[in-house]
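If you want the building blocks of each chain, they are given just below.
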Amino acid sequence: MFKKIGPGVLVAAAFIGPGTITACTLAGVGFGYALLWAMLLSIVATMVLQEMSSRLGIITQKGLATSIKEQLTVRWVRILVIAIVLGAILVGNAAYEGGNIGGAVLGLEALFGTDHNTLYPFIIGFCAFIPLWMGNYKLIEKVFLGLIFLMSLSFIITAILTKPQLGLLLKGLFVPSLPNESLLTVIALIGTTVVPYNLFLHASLVNEKWKSKNDLKTARWDTVLSIGLGGLVSSCIIIAAAAMETKEVAGVMDLAKGLEPLYGEAAQYCMGLGLFAAGITSSITAPLAAAYVTNNCFGWNAELKDWRFRIVWSLILVIGVLFLSFDIKPIEIIKFAQIANGILLPVIAILLIWMVNNTKVMGPYKNTLFQNIMGFAIVGVAFFLGLKSVLKVFGLF
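Read on for an overview of the structure. Being a predicted model, the structure only gives us computed values, none of them experimental. (Residues numbered from 1 in each chain as written. Predicted model: local features only at pLDDT ≥ 70, side-chain atom pairs only at ≥ 80, totals over all residues. Heavy atoms only, no water.)

**Looking at a nonpolar patch on the surface**
Part 1 of the argument: Taken together, Leu40, Val44, Leu166, Leu170, Phe174 and Val175 make up a surface patch of nonpolar side chains, about 530 Å² in accessible area.
Part 2 of the argument: Contributions of two or more residues to the nonpolar patch are made by helix H3 (36-60) and helix H8 (166-174).
Part 3 of the argument: Of the residues forming the nonpolar patch, the biggest block, 3 residues, is contributed by H8.
Part 4 of the argument: Mapped onto the elements, Val175 comes out in the loop between H8 and helix H9 (183-191).
Part 5 of the argument: According to the relative accessible area criterion, Val175 is partly exposed, its value standing at 43%. (Patch = residues over 30% accessible without salt bridge, like charges linked within 9 Å, V, L, I, M, F, W, Y side chains within 5 Å. Areas by Shrake-Rupley, 256 points an atom, 1.4 Å probe, with all protein chains shown as cover. Salt bridge = Lys/Arg side-chain N within 4 Å of Asp/Glu carboxyl O. Helix = DSSP H or I, 4+ residues; strand = E, 2+ residues; numbered from the N terminus. Buried < 20%, exposed > 50% of the residue type's maximum accessible area, 1.4 Å probe, protein only.)

Structure representation (structure tokens):
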């Protein structure tokens with residue numbers, strides 16, 4: 001069974017980063033189990049879009065950006081779309097790489113203290129550098145399987161030890177509600193799970209794993225299982241945070257302090273391991289996605305060990321380390337990334353749905369009516385979230 005697991009693991013690891021942990025922690029602390037439905041909605045939306053992306057990648061044996069370029073026949077439209085995609089992915093991933101590495105650093109601080117915290121960004125950067133430089137997809141996949149297992153174990157154990165109330169948990173999961181001042185938290189939960197760059201990453205990674213249309217069923221199983229596991233981990237963070245007695249959380253490590261009465265110092269180490277694994281996985285996937293998108297946009301057809309591919313992911317990784325090493329606060333860049341990603345998600349979702357409905361591209365493997373209904377519903381939600389995120393950046397919401 002585990003031999004069939006592939007790119008879906010990397011996608012799940014990509015969205016369970018420090019940002020997701022923070023959003024889930026605040027959701028649990030502020031609203032208990034009430035927003036679990038938003039996480040369930042996010043996971044379903046992610047499964048639907050990622051399945052389309054992986055199916056497109058297997059049928060065409062091309063990346064998403066390459067497929068879009070080939071189908072946009074109007075030159076200025078093609079240039080505009082590719083420029084938006086490239087700019088949002090490169091700048092956004094570079095900005096958020098600092099946050100990814102920062103999350104892993106928090107994990108190391110929880111495990112080993114703060115005496116050597118100036119070295120931690122370089123240690124994290126080196127840990128991410130090795131599998132990327134090896135350029136071996138199977139190696140990267142195995143690394144992620146191990147880290148996902150470590151992260152999942154940490155957060156699931158944390159949630160179980162809080163002894164959640166099953167009735168309230170099921171109500172929060174299946175009965176949507178919007179408590180006062182919870183809308184921005186809902187937007188954060190969905191926005192950190194349905195990630196635009198994962199659509200590009202998935203379409204490219206399936207080419208490394210599968211070459212035949214006969215693998216579509218396996219790819220779908222991989223997507224559903226891996227993203228479902230990611231959703232379980234995120235939900236466990238919300239459940240664990242709901243058990244905290246204090247309602248003041250300055251950072252995600254405050255979650256561990258709040259759980260100390262339940263199982264003592266073990267809280268700190270469970271959270272530390274989980275944060276380290278989440279930070280490392282996101283620190284690897286963000287540069288990898290940026291390299292794949294750049295590769296597709298410029299038509300390099302480069303492999304993982306190609307020098308152009310390595311230059312792109314190395315640049316993203318170095319920027320992330322420097323943000324932490326010199327305590328640079330890339331606030332303006334992150335604001336730009338929020339605007340770009342807010343615009344990018346509905347645009348890419350529409351382009352993806354268009355592509356998987358194109359008979360010339362997909363043949364008999366194009367979308368069904370049900371898949372289209374689900375897809376357009378997600379586009380509506382994405383447009384709403386994108387508008388809200390842009391307005392939030394400009395202080396209008």
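Once you've had a look at it, read on.
**Digging into the environment of Met271**
Part 1 of the argument: By secondary structure assignment, the location of Met271 is in helix H13 (residues 266-298).
Part 2 of the argument: A relative accessible area of 1% means that Met271 is categorised as buried.
Part 3 of the argument: Along the primary structure Met271 and Phe155 are separated by 116 residues, whereas in three dimensions their C-alpha atoms are 7.3 Å apart.

**A short note on the pattern of salt bridges**
Part 1 of the argument: Inspection of every chain in the model, using the stated rule, returns 4 salt bridges.
Part 2 of the argument: For Arg220, the salt bridge is made with Glu51, and the minimal N-O distance between the two is 3.2 Å. Of this pair, Arg220 sits in helix H11 (residues 216-242) while Glu51 sits in helix H3, and the two are 169 residues apart along the sequence.
Part 3 of the argument: The partner of Asp306 in a salt bridge is Arg308, and the shortest N-O contact between them spans 3.1 Å.
Part 4 of the argument: Judged by relative accessible area, which is 19%, Asp306 ranks as buried.
Part 5 of the argument: The network of salt bridges with common partners includes Glu51, Arg55 and Arg220.

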